[in-house]
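# Examination of the molecular architecture
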Amino acid sequence: MIAGFKDVTANPIKKLKFLPYTLVGIAAFTLNANPDTNIYLQIYITLLEAKLGIVLVYLLSKKLGQLSKGNDSES
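Everything quoted here is computed from the prediction, not taken from an experiment.

## Description of the overall build of the chain
- Secondary structure summary: the chain contains two helices and zero strands in total.
- In the chain, which comprises 75 residues, the proportion classed as buried is 13%.
- Taking the contacts inside the chain whose residues are at least 6 apart along the sequence as the reference set, 59% of them involve residues at least 24 apart.
- Just so you have it, the chain exposes about 6,400 Å², and 70% of that area is on carbon and sulfur atoms.

## Focus: a nonpolar patch on the surface
- A cluster of nonpolar side chains, contributed by Leu16, Leu19, Leu23, Leu41, Tyr44, Leu48, Leu52, Leu56 and Leu60, occupies part of the molecular surface with about 790 Å² of accessible area.
- For the nonpolar patch, the elements supplying multiple residues, two or more each, are α1 (19–32) and α2 (39–74).
- If one sorts the elements of the nonpolar patch by residue count, α2 sits on top with six residues.
- Here Leu16 falls in the partly exposed class, since its relative accessible area comes to 37%.

## Examining the packing of aromatic side chains
- Scanning the model with the defined rule gives one aromatic pair in all.
- Seen from their ring centres, Phe18 and Tyr21 are 6.4 Å apart, and the 45° between their planes marks the pair as tilted.
- Here Tyr21 falls in the partly exposed class, since its relative accessible area comes to 49%.

## Concerning the environment of Leu16
- Relative to the helices and strands, Leu16 resides in the segment before α1.
- It is 7.8 Å that separates the C-alpha atoms of Leu16 and Leu64, two residues lying 48 residues apart in sequence.

## Notes on the side chain of Gln42
- Considering the arrangement of structural elements, one finds Gln42 in helix α2.
- A polar atom in the side chain of Gln42 sits 3.0 Å from the backbone oxygen of Asn34.
- Residues contacting Gln42, with those up to four places away along its chain left out, are Asn32, Asn34, Pro35 and Thr37.

Cut-off values and rules
Residues numbered from 1 in each chain as written. Predicted model: local features only at pLDDT ≥ 70, side-chain atom pairs only at ≥ 80, totals over all residues. Heavy atoms only, no water. Helix = DSSP H or I, 4+ residues; strand = E, 2+ residues; numbered from the N terminus. Buried < 20%, exposed > 50% of the residue type's maximum accessible area, 1.4 Å probe, protein only. Contact = heavy atoms within 4.5 Å. Areas by Shrake-Rupley, 256 points an atom, 1.4 Å probe, with all protein chains shown as cover. Patch = residues over 30% accessible without salt bridge, like charges linked within 9 Å, V, L, I, M, F, W, Y side chains within 5 Å. Salt bridge = Lys/Arg side-chain N within 4 Å of Asp/Glu carboxyl O. Phe/Tyr/Trp six-rings, centres within 6.5 Å; stacked < 30°, edge-to-face > 60°. Polar contact = N/O pair within 3.5 Å; in protein donor to acceptor, adjacent residues only side chain to side chain.

Below you can see the structure in the form of structure tokens.
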């Protein structure tokens, strides 16, 4: 290992850094993908998804951070 660089392969949880964003994005896309839905309902759902998405990304990121810290202490 080169001095100053951490071994990324030692902690695979750090590779999941963008997983919360991906999950929220997929959920938002699938809920808005139906073109037959009333436009006002789509707008309302999008606003709810934005609020819930922020909370979900925060909670999932916090959980992944705790898992990452737990694995660092075991090494």
